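Working through the structure, step by step
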Amino acid sequence: MSDKRKHNRCDVLVTYCWNRVGYNILRSLSARGLAVWCADTSRHNICSMSRFCAGSFTYPDPFTDEEEFISRLLMKVEELRPTVLLPTHDEGIVIARNRHRFPSWLVIPVESEEKLVALSNKRTATALAAEAGVPVPRVYSSIDEVSEFPVVFKTSVGNSAKGVFFPSTPAELGALARRHADTDTLIEEWIPGGDVCVDCVRHGSFFRASVYRALVTKTDGGGTTTQREIVSMPGLVEHARAFLDHVDYNGVCGLDFRVDPTTGRAAFIEMNARYTGGLATPITAGFDIPHIHYCLATAGTYDGDAGAIVGTRTKWILGDVITLAGRVLKFKFDRAEWRRACSFAGFDSFDDFRRDDPAAIIGEMAYYLSKLIRNRKLNP
């Protein structure tokens with residue numbers, strides 16, 4: 001396994017660092033004087049190429065080679081002696097499952113494996129939201145109950161809009177049900193409107209949150225956002241708090257809602273029990289989630305500012321390029337969306353590019369290009 005070392009000091013070791021989420025965590029924590037090492041299955045990516053990265057190394061795929069992944073992390077933890085090991089995505093479940101193998105002095109600020117698995121399951125999370133009094137879409141127990149189309153058909157486990165479909169006829173729904181007959185799936189009513197995410201940090205009685213709405217999404221029907229705007233929706237924040245209090249979740253997370261602007265109706269869609277893809281937006285708005293998370297995990301308190309400035313907008317540059325490429329391949333040409341995707345005006349920051357760190361986006365592009373060549377997919 002390769003190792004890129006700038007210096008030996010390591011305060012925080014961050015995993016799953018190929019994308020802009022890891023990059024914004026890296027920038028947030030390094031700006032506070034912390035030495036941040038980044039680790040991933042890939043050698044060249046947005047974090048390893050960043051000048052703010054104190055060092056980087058690679059590890060085996062945590063989902064196909066768990067034992068070697070954990071062994072590699074254990075070796076680097078003993079060598080680097082970080083204060084915090086910070087998972088950023090679903091590898092956190094693997095790390096949580098093996099938490100007992102890590103030194104007792106190491107801070108790993110994630111929930112238990114059992115809780116992470118339950119909350120990452122869309123069916124389970126929807127049921128828990130309903131128990132907490134959070135509004136949810138109607139859930140159909142079988143395709144025979146569906147009388148109005150379109151509906152939402154999705155696998156219970158998945159992210160980045162993978163496994164989410166919007167059948168508009170009984171025939172389409174039936175075909176999907178047969179195709180996924182051996183998979184745990186969920187059928188819900190379709191709610192018009194747009195996607196809204198509530199990013200949260202909770203630690204015991206401490207709770208802070210911000211809300212952003214999607215301006216452009218990389219895939220049809222929602223999912224990964226490429227442009228976002230901070231908005232004021234206190235009702236959704238209260239729903240988020242009720243949900244997290246109900247399940248006693250501690251850490252960072254994002255709760256996705258669907259909001260119909262015509263009726264004002266909002267409904268819970270899913271929970272991401274991890275850092276969310278739109279992390280750059282709350283950070284830019286003044287809600288520095290990684291720094292707050294670090295302070296709570298290490299000191300147990302945070303007394304700084306945690307408010308997000310409404311109207312803050314951010315853009316994922318490469319994401320918009322991928323979005324346009326996907327639309328071209330599907331022969332979908334929405335003039336307004338194209339104008340938004342091609343625009344660089346009116347944004348307070350970009351997820352993946354800063355003038356003081358130009359090499360980072362080169363690493364990001366190199367990663368996506370390698371995945372496109374290998375997998376022939378625009379959505380790794």
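The preceding data block contains the structure.
Cut-offs used in this document
- Residues numbered from 1 in each chain as written.
- Predicted model: local features only at pLDDT ≥ 70, side-chain atom pairs only at ≥ 80, totals over all residues.
- Heavy atoms only, no water.
- Pairing = 2+ DSSP bridges.
- Helix = DSSP H or I, 4+ residues; strand = E, 2+ residues; numbered from the N terminus.
- Contact = heavy atoms within 4.5 Å.
- Axes fitted to C-alpha atoms, helices over the stretch in contact; angles between N-to-C directions.
- Core = buried A, V, L, I, M, F, W, Y, C linked by side-chain atoms within 4.5 Å.
- Buried < 20%, exposed > 50% of the residue type's maximum accessible area, 1.4 Å probe, protein only.
- 1 Å grid on protein atoms, 1.4 Å probe; cavity = no way out; pocket = protein on both sides within 12 Å on 5 of 7 lines; lining within 4 Å.
- Points joined across faces, edges and corners; volume = space filled by probe spheres on them.
- Nonpolar A, V, L, I, M, F, W, Y, C, P; charged D, E, K, R; others polar.

1. Considering the sheet that holds strand E8 (residues 164-165)
Here 4 strands make up an open sheet; going across it, the order is E6-E9-E7-E8 and the pairing antiparallel. The open sheet has two edge strands with one neighbour each: strand E6 (139-140) and E8. The sheet contact formed by strand E7 (residues 151-155) and E8 spans 2 bridges and is antiparallel. Residue pairing across strands places Lys 154 opposite Val 164, the latter belonging to E8. Relative to E7, helix H6 (residues 170-179) is tilted by about 10 degrees, and along the sheet it contacts E7, E8 and strand E9 (185-189).

2. Re the nonpolar core
Judged by nonpolar contacts, the single largest core of 58 residues is most densely connected at Phe 102, Phe 243, Leu 255 and Met 271. Counting residues in hydrophobic clusters, the runner-up holds 31 residues, among them Val 21, Leu 279, Ile 283 and Tyr 294.

3. Things to note about empty space enclosed by the protein
Evaluation of the coordinates by the stated rule reveals 2 cavities of 30 Å³ or more. Estimates place the volume of the largest cavity at around 50 Å³. Taken together, Leu 29, Val 84, Leu 86, Pro 109, Tyr 275, Pro 290, His 293, Tyr 294 and Ala 297 form the lining of the largest cavity. Tallied by class, the residues present in the lining of the largest cavity amount to 8 nonpolar, 1 polar and no charged. A volume near 30 Å³ is recorded for the second largest cavity. Lining the second largest cavity we find Asp 199, Cys 200, Val 252, Cys 253, Arg 274, Tyr 275, Thr 276, Leu 279 and Ile 289. At the level of secondary structure, the elements contributing two or more residues to the lining of the second largest cavity comprise strand E10 (194-203) and strand E13 (251-259). For the lining of the second largest cavity, the per-class residue count stands at 6 nonpolar, 1 polar and 2 charged.

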